[in-house]
Amino acid sequence: MSEFLLGLLGERLAHGSGAEVDVQSLGSGAGLSLLGLFFGCSLNGPCKQFSGSLRDFYGRFKEASEHRDELEVVFVSSDQDQKHWQDFVQEMPWPALPFKDRHKKMKLWNKYKVTSIPSLVFVDAATGKVVCRNGLLVVRDDPKGLEFPWGPKPFAEVVAGPLLRNNRQTTDSSSLEGHYVGVYFSAHWCPPCRSLTRVLVESYRIVKETGQKFEIVFVSADRSEESFTQYFSEMPWLAVPYSDEARRSRLNRLYGIQGIPTLILLDSEGHVITRQGRVEVLNDPECRLFPWHPRPVLELNESNAVQLHEGPCLVLFVDAEEEGELEPAKELIQPIAEKLMAKYKAKEEETPLLFFVAGEDDMSDSLRDYTNLPEAAPLLTILDMSARAKYVRDVEEITPAVVEQFVGDFLAEKLKPEPI
């Protein structure tokens, strides 16, 4: 375990007391099994508020839980000012990644796909696999830590209970058995949610008319039952009752929801097909690709560009303006993308790199301008928006060997980043 933690966190951690913490000591005892990674910033109000709640939770857990030795928390900061960071860390009873270790911090943000703060991700201390992506809800819903280690439960178990239809009739969640299921986190107060709902209603109709077993379960983030009722009246599918806040929270925790709208697609056994249901629905209005299994390579467009901010992305820019002209570029990099996806799927981990091809259009021009890329085409790049870093391979001919070496060097941290 110590060797794994050293790779994840480095040799030394900082502590509010001013002392250094030897990372090997975290895993040297018989107990440590769960690591909570607290991503935040001292200047962020919600982070400061959550830090206080986490401090209370941590204190109770370490004092009273029979699992006290099995849990540790480490703060992963995005602070830019060392004095602010130091003042914040001094309030924490747990250690933190050193302020200057920016590289380790960004690796953790990317590895666990953190897109908003505060965020608390619980991972297996021996393997780094995610146990619970939404620790904020753990702290709120399980203040005494009675449900430790907060590991994922089957969807059927978490959703179990009555589900509503908008005609006020109910059906039991067991009716979902054997169906593809979309778990739809949304709210009426959110304009992008309302826009997606209008598209999703049509997608739902199209898929149902093909005879496929498909259902959607709405998990509301509305601020009142009246808003929920009004919004749900527009939906032809099922919903968790608004009054069942505990079940709604457990579903948010199960899928680590960090923002709305989010549409999670599940197969007939309750396993996640994709967390990017929103992008898939918008990109495939005729539902030809349902149930939207992840594709190794995407054509960059406005609806999927949001994924550029979810971790490092390889983008191959080519000189293509007409539909279909991107196919040769996709075919060139697809085997490499498929190989990488298969490798990480076998380890039950998310792929560390997404793959895109981009032609000549306004979207590509904006991305080139924003990241200050040369006008060359073809141009092979890896863009890491959260780290504000780019890696560029500008060669006359892009071959599979060139792409494979570029990807391998990036994953082995052999490439030198340029600032975005």
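It should be noted that the structure appears before, not after, this text.
Residues numbered from 1 in each chain as written. Predicted model: local features only at pLDDT ≥ 70, side-chain atom pairs only at ≥ 80, totals over all residues. Heavy atoms only, no water.

J.: It is not clear to me how the packing of aromatic side chains should be interpreted in this structure. Could you clarify?
T.: Here the distance between the centres and the angle between the planes together describe a pair of aromatic rings. For the structure shown, the criterion picks out 27 aromatic pairs. With a centroid separation of 5.9 Å and 50 degrees between ring planes, the pair formed by Phe57 and Trp150 is classed as tilted. Remark: Trp150 occurs in the loop between helix H6 (135–141) and helix H7 (155–158) and Phe57 occurs in helix H3 (residues 45–64); sequence separation between them is 93 residues. When its relative accessible area of 2% is taken as the criterion, Phe57 is described as buried. Ring geometry for Phe61 versus Phe148: centroids 5.5 Å apart, planes at 45 degrees, classification tilted. Within this pair, whereas Phe61 is found in helix H3, its partner Phe148 is found in the loop between H6 and H7, the two being separated by 87 residues in sequence. With a relative accessible area of 2%, Phe61 lands in the buried category. Linked through ring pairs, Tyr180, Tyr184, Tyr204, Phe214, Phe218, Phe228, Tyr231, Phe232, Trp237, Tyr242, Phe290 and Trp292 together constitute an aromatic cluster. The positively charged end of Arg223 is found above the aromatic ring belonging to Trp189, 4.2 Å away from the centroid. Across the ring face of Tyr344, the terminal group of Lys347 is positioned such that the distance to the ring centre comes to 4.3 Å. (Phe/Tyr/Trp six-rings, centres within 6.5 Å; stacked < 30°, edge-to-face > 60°. Helix = DSSP H or I, 4+ residues; strand = E, 2+ residues; numbered from the N terminus. Buried < 20%, exposed > 50% of the residue type's maximum accessible area, 1.4 Å probe, protein only. Lys NZ or Arg CZ within 6 Å of the ring centre and 35° of its normal.)

J.: When you look at the environment of Lys107 in this model, what are you seeing that I'm missing?
T.: Mapped onto the secondary structure, Lys107 falls in helix H5 (residues 102–111). Given the relative accessible area of 35%, Lys107 is considered partly exposed. Separated by 23 residues in the primary sequence, Lys107 and Val130 have C-alpha atoms spaced 15 Å apart. Within the structure, Lys107 has its side chain in polar contact with the side chain of Glu413 (distance 2.6 Å). (Polar contact = N/O pair within 3.5 Å; in protein donor to acceptor, adjacent residues only side chain to side chain.)

J.: Looking at this model, I keep getting lost on the pattern of salt bridges. Mind explaining?
T.: When their charged atoms lie close together, side chains carrying opposite charge are able to pair. Taken as a whole and assessed by the stated rule, the structure comprises 16 salt bridges. Arg247 is the salt-bridge partner of Asp244, the closest N and O atoms lying 2.9 Å from each other. Here Glu404 ties to Lys339 by a salt bridge, and the two come within 3.2 Å at their closest N and O atoms. With Glu404 in helix H14 (residues 400–411) and Lys339 in helix H12 (residues 327–346), this pair connects stretches of sequence that are 65 residues apart. (Salt bridge = Lys/Arg side-chain N within 4 Å of Asp/Glu carboxyl O.)

J.: Explain the environment of Leu120 here, please?
T.: Structurally, Leu120 is set in strand S5 (residues 119–124). Sequence spacing of Leu120 and Gly36 is 84 residues, and the spatial spacing of their C-alpha atoms is 6.3 Å. Leave out the neighbours within four places in its chain, and Leu120 touches Gly36, Leu37, Phe38, Phe50, Leu54, Cys132, Arg133, Asn134, Gly135, Leu136 and Val139. (Contact = heavy atoms within 4.5 Å.)

J.: Hey, could you run me through the layout of surface pockets in this one?
T.: Estimates place the volume of the second largest pocket at around 790 Å³. Along the wall of the second largest pocket there are 31 residues; nearest its centre are Asn134, Leu136, Leu137, Arg140 and Ile257. Secondary structure elements with two or more residues in the lining of the second largest pocket: H3, S5, H6, strand S10 (214–220) and helix H10 (245–255). Of the residues that constitute the lining of the second largest pocket, the class distribution is 15 nonpolar, ten polar and six charged. (1 Å grid on protein atoms, 1.4 Å probe; cavity = no way out; pocket = protein on both sides within 12 Å on 5 of 7 lines; lining within 4 Å. Points joined across faces, edges and corners; volume = space filled by probe spheres on them. Nonpolar A, V, L, I, M, F, W, Y, C, P; charged D, E, K, R; others polar.)

J.: What should I look at first to understand helix H8 (residues 191–209) in this one?
T.: Residue pairs three or four apart in sequence face the same way in an α-helix, which turns once every 3.6 residues. Along its 19 residues, H8 runs 28 Å from first to last C-alpha, staying within 8% of the 27 Å computed at 1.5 Å per residue. Within the span of H8, buried status applies to Cys193, Leu196, Thr197, Leu200, Ser203, Tyr204, Ile206 and Val207. Turning to H8, the residues buried within the fold contact strand S9 (180–186), S10, helix H9 (225–232), strand S12 (262–266) and helix H11 (277–283). Gly211 lies just past H8 and shows a positive phi near 90 degrees. (Expected span 1.5 Å × (residues − 1).)

J.: Just checking my understanding: could you explain the nonpolar core for this structure?
T.: The tendency in soluble globular proteins is for nonpolar side chains to be buried as a group. Leu9, Leu37, Phe39, Leu108, Tyr112, Leu314 and Phe355 are the most contacted members of the largest nonpolar core, which has 48 residues in total. Looking at this core, the element that brings in the most residues is H12, giving six residues. The contact partners of Leu108, leaving out residues within four places of it in the chain, are Leu8, Leu9, Leu37, Phe39, Val76 and Leu97. In this structure, Ala14, Phe75, Val139 and Phe148 belong to the second largest nonpolar core, which totals 26 residues. (Core = buried A, V, L, I, M, F, W, Y, C linked by side-chain atoms within 4.5 Å.)

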